[in-house]
2 protein chains.
Amino acid sequence: MKKVLDRCEVVCINHEAVNRVREKMLDEEVIRSIADIFKALGDPNRVKIIRYLAQEELCVCDLAQLLGMSLSAVSHQLRALRSRRLVKFRRQGKIVYYSLDDAHIVDLFNQCLDHVTHD
Amino acid sequence: MKKVLDRCEVVCINHEAVNRVREKMLDEEVIRSIADIFKALGDPNRVKIIRYLAQEELCVCDLAQLLGMSLSAVSHQLRALRSRRLVKFRRQGKIVYYSLDDAHIVDLFNQCLDHVTHD
DNA sequence: AGAACACTTGAACAATTGTTCAAGTAATAA
DNA sequence: TTATTACTTGAACAATTGTTCAAGTGTTCT
């Protein structure tokens, strides 16, 4: 009878490396925040919204026209961006104008753009 | 009897603004690539993988240990990162070592980190 | 006050994603 | 050659996401 179990958990791990990199790991909450920002930007329609709003503020109706989406769908996407503090809005009469809440997002966007259009 | 329909499609749109921003929109494919990169980074486990690999190359087993995930789950996530060319691997005997494929990703990561830990 | 406009919201539903499980592959060891 | 190790892969399944639809705000106009 041979020993069974306790295989991979013990055998192949490089403990020094594991302990080394573990020390520099960020807090769980920071990791979640980072993933959350990236996730918010991880949809073509939201990428377009960011790109449009990077140029100038626009109302929901204009965005819907530009994106070829329903008002409702755009509003839902804006809500996602709003809750992550990526966009903000101001109301002027009946019209709601959205704009970027944070200039840093444009930097993040542009850096990704550089990467994609491989420099 | 009043006119019905053709409401929002015609009424509230600011045509000048729409045309202005539309001119500077990127190609559909570029948009998709950008969204795809962000989406790949939009998961806490993959964010951690990037963070770990930014320090040094690691085998799948070490990553599984660090993440508290099964080998299979880690392998699937690495596949997602691999297909986007965010990580690469080399095989040494039975062990497969993963590392970052592109230093730019670390810049993107760090910029997002700066944003999250609000500068 | 009532009607119209420019949205917002919640529920429902399809599509996508992440994990597990079982089976498969490539390399080394016995 | 067979067994073992270190993964990889495909199918299945639950959880999450994005859209639509219907109903609801808040503001202006009449």
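Residues numbered from 1 in each chain as written. Chains lettered and ligands numbered in written order. Predicted model: local features only at pLDDT ≥ 70, side-chain atom pairs only at ≥ 80, totals over all residues. Heavy atoms only, no water.

A. Molecular detail of the relation of the copies chain A and chain B. Once chain A has been moved 0.0 Å along the axis and rotated by 180 degrees, it coincides with chain B to within an RMSD of 0.0 Å. What we have between these two chains is a two-fold relation. Most of the interface of chain A is mirrored in chain B: 100% of its interface residues are interface residues there too. (Least-squares fit on C-alpha atoms with pLDDT ≥ 70 in both. Contact = heavy atoms within 4.5 Å.)

B. Representation of the sheet that holds strand β1 (residues 58-59) of chain A within the structure. Residues and elements named next belong to chain A. Read from one edge of the open sheet, three strands run β1-β3-β2, paired in antiparallel fashion. Each of the sheet's edge strands pairs with one partner strand only, and the pair in question is β1 and β2 (87-92). Across two bridges, the pairing between β1 and strand β3 (residues 95-100) is antiparallel. In the strand pairing of β3, L58 is matched with Y98. Contacting β1, β2 and β3, helix α3 (residues 44-55) runs over the sheet at an angle of about 95 degrees to β3. (Pairing = 2+ DSSP bridges. Helix = DSSP H or I, 4+ residues; strand = E, 2+ residues; numbered from the N terminus. Axes fitted to C-alpha atoms, helices over the stretch in contact; angles between N-to-C directions.)

C. Focus on the side chain of D62 of chain B. Mapped onto the elements, D62 of chain B comes out in helix α4 (residues 60-67). For D62 of chain B, which is buried and forms no salt bridge, the nearest opposite charge comes from R20 of chain A, at a distance of 7.9 Å. One polar contact links the side chain of D62 of chain B to the main-chain amide nitrogen of N14 of chain A, over a distance of 2.9 Å. In contact with D62 of chain B, not counting residues within four places along its chain, are C12, I13, N14, A17 and V18 of chain A. (Buried < 20%, exposed > 50% of the residue type's maximum accessible area, 1.4 Å probe, protein only. Lys, Arg positive; Asp, Glu negative; His and termini not counted. Salt bridge = Lys/Arg side-chain N within 4 Å of Asp/Glu carboxyl O. Polar contact = N/O pair within 3.5 Å; in protein donor to acceptor, adjacent residues only side chain to side chain.)

D. The arrangement of unusual backbone geometry in detail. For R85 of chain A, which is not glycine, the phi torsion reads 60 degrees and is therefore positive. With relative accessibility at 64%, the residue R85 of chain A sits in the exposed group.

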